[in-house]
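Listed below, chain by chain, are the residues.
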Amino acid sequence: MPAYREPRRRSPPLPAPRGPLSGTVIDALRTGADHPAPAVGDADPFGDDLQLALYLLYELHYQGFEGVDDEHEWSPGLLALRRSLEEPFLAALRAGAGTDGDVESALSGLLVEPIGDDGHSVSHFLQDHGELWHLREYAALRSLYHLKEADPHAWVIPRLYGRAKAAMVAVEFDEFGAGREADIHARLYADLMTDLSLETAYGHYLDAAPADVLATVNLMSLFGLHRSLRGALVGHFAAVEVTSSPGSRRLAAALKRVGAGPAAQRFYDEHVEADAVHEQVVRRDVIGGLLADEPHLESDIAFGIEATGLLEDRLAARLLAAWRSNSTALRGQPA
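Residues numbered from 1 in each chain as written. Predicted model: local features only at pLDDT ≥ 70, side-chain atom pairs only at ≥ 80, totals over all residues. Heavy atoms only, no water.

(A) Spatial organisation of the overall build of the chain. Broken down by element type, the chain carries 13 helices and zero strands. Expected size for 335 residues packed as a compact globule is a radius of gyration near 20 Å; at 19 Å, the chain falls within 12% of this value. Dimensions of the chain, computed from C-alpha atoms along their principal axes, come out at roughly 50 × 50 × 45 Å. Counting over 335 residues, the chain shows a buried share of 54%. When the accessible surface of the chain is summed, it comes to about 14,400 Å², and 52% of that surface belongs to carbon and sulfur atoms. Side-chain charges of the chain comprise 30 positive and 50 negative groups, with the mean position of each set lying 3 Å from the other. (Helix = DSSP H or I, 4+ residues; strand = E, 2+ residues; numbered from the N terminus. Rg over C-alpha atoms; globule rule 2.2 N^0.38 Å. Buried < 20%, exposed > 50% of the residue type's maximum accessible area, 1.4 Å probe, protein only. Areas by Shrake-Rupley, 256 points an atom, 1.4 Å probe, with all protein chains shown as cover. Lys, Arg positive; Asp, Glu negative; His and termini not counted. Charge placed at Lys NZ, Arg CZ, Asp CG, Glu CD.)

Written as structure tokens, this is what we have:
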């Protein structure tokens, strides 16, 4: 087997705008002008324009964009605009999540696996009916997160302490390959994409991703970049880890059925085993430790769990509606 070599990471190019908000952000990033924040008005908080604008502003804290000065990360005008976009997004999340503030109640719904396909599960659809093109589209869209897997959750580490911090670092250590470069989960996902003949460049599929995909990624950055939302980020992380193992098992089976290569199957096989352990650590020590130290954050943790479910349900509805009508779920041409 050839020696592992990490490809040189390049910042992605700026995408095409999807409305006045994202257009303002793109123009500011291209020209360096610190424009005053436009009025958000009645922009759809889950819509393409607002979600792309937020994604662009958040990405300045990760890999940035080709030709964009790194100093824009702390541009006062762009930070003010980001805040004006975050407020309606967060308000819509709170309105739609419908949590009662109880963590055990929020987690209990995730722990009950449906018997068979309930008609709303992407992983069940892909396991039972998915064709290669479905899996390629799914992989392309999820790449906006998985090529930076665990990075947004790392923001919470300096905001925890004691048992919660130690447990969070232990889980993140696994996500980042447990000290082995070739086992970093983002690298494993790039290998999966290679097996599916997809482009592995970071952010390559941004223009193809609808707002429902962008929202799932933006949620992590929203929670991660605000200390006041640290409980919500822990809730989000718990929701991901609790649901990952069974979903990954179905996705691994789907990839095997359509004849995807071993690297594609390995990514999800790895998550079946690792996340079954992570679920217990997150529930017992990350959530348990955080609640022992800061019990007032319980409602925030529950909100993070429910908000994650809200956005994943919206994304699932979009994907399944497209695929059941034999249409692409991507904006533009299929992957």
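(B) Region of the structure containing the pattern of salt bridges. Inspection of the entire model under this criterion finds 14 salt bridges. For Arg331, the salt bridge is made with Asp48, and the minimal N-O distance between the two is 3.9 Å. In this pair, Arg331 is assigned in the segment after helix H13 (298-324) and Asp48 in helix H2 (residues 48-59), connecting sequence segments 283 residues apart. With a relative accessible area of 33%, Arg331 lands in the partly exposed category. Connected via shared salt-bridge partners are Arg18, Asp48 and Arg331. (Salt bridge = Lys/Arg side-chain N within 4 Å of Asp/Glu carboxyl O.)

(C) Region of interest: helix H8 (residues 162-175). Under the 1.5 Å per step criterion, the end-to-end length of H8 is 20 Å for 14 residues, consistent within 8% with the ideal 20 Å. Looking at H8, one finds that the buried residues are Ala164, Ala167, Met168, Val171, Glu172 and Glu175. Down the axis of H8, the smallest arc covering the buried residues is 135 degrees, so these residues share one side. Remark: Gly177 follows H8 within two positions and exhibits a positive phi of approximately 90 degrees. (Expected span 1.5 Å × (residues − 1). Arc of directions from axis to C-beta.)

(D) Summary view of the packing of aromatic side chains. Under the definition given, this model contains six aromatic pairs. Look at Tyr189 and Phe267: their rings are 4.9 Å apart centre to centre, the planes differ by 75 degrees, and that puts the pair in the edge-to-face class. Placement of Tyr189 in helix H9 (residues 185-195) and of Phe267 in helix H12 (residues 262-293) is noted, with a sequence separation of 78 residues between them. Residue Tyr189 is classed as buried on the basis of its relative accessible area, which comes to 0%. Classification of Phe267 by relative accessible area gives buried; the value is 1%. These aromatic residues form a ring-pair network of at least three members: Tyr189, Phe267 and Tyr268. Stacked on the ring of Phe303, the Lys or Arg Arg94 has its end atom at 4.4 Å from the ring centre. (Phe/Tyr/Trp six-rings, centres within 6.5 Å; stacked < 30°, edge-to-face > 60°. Lys NZ or Arg CZ within 6 Å of the ring centre and 35° of its normal.)

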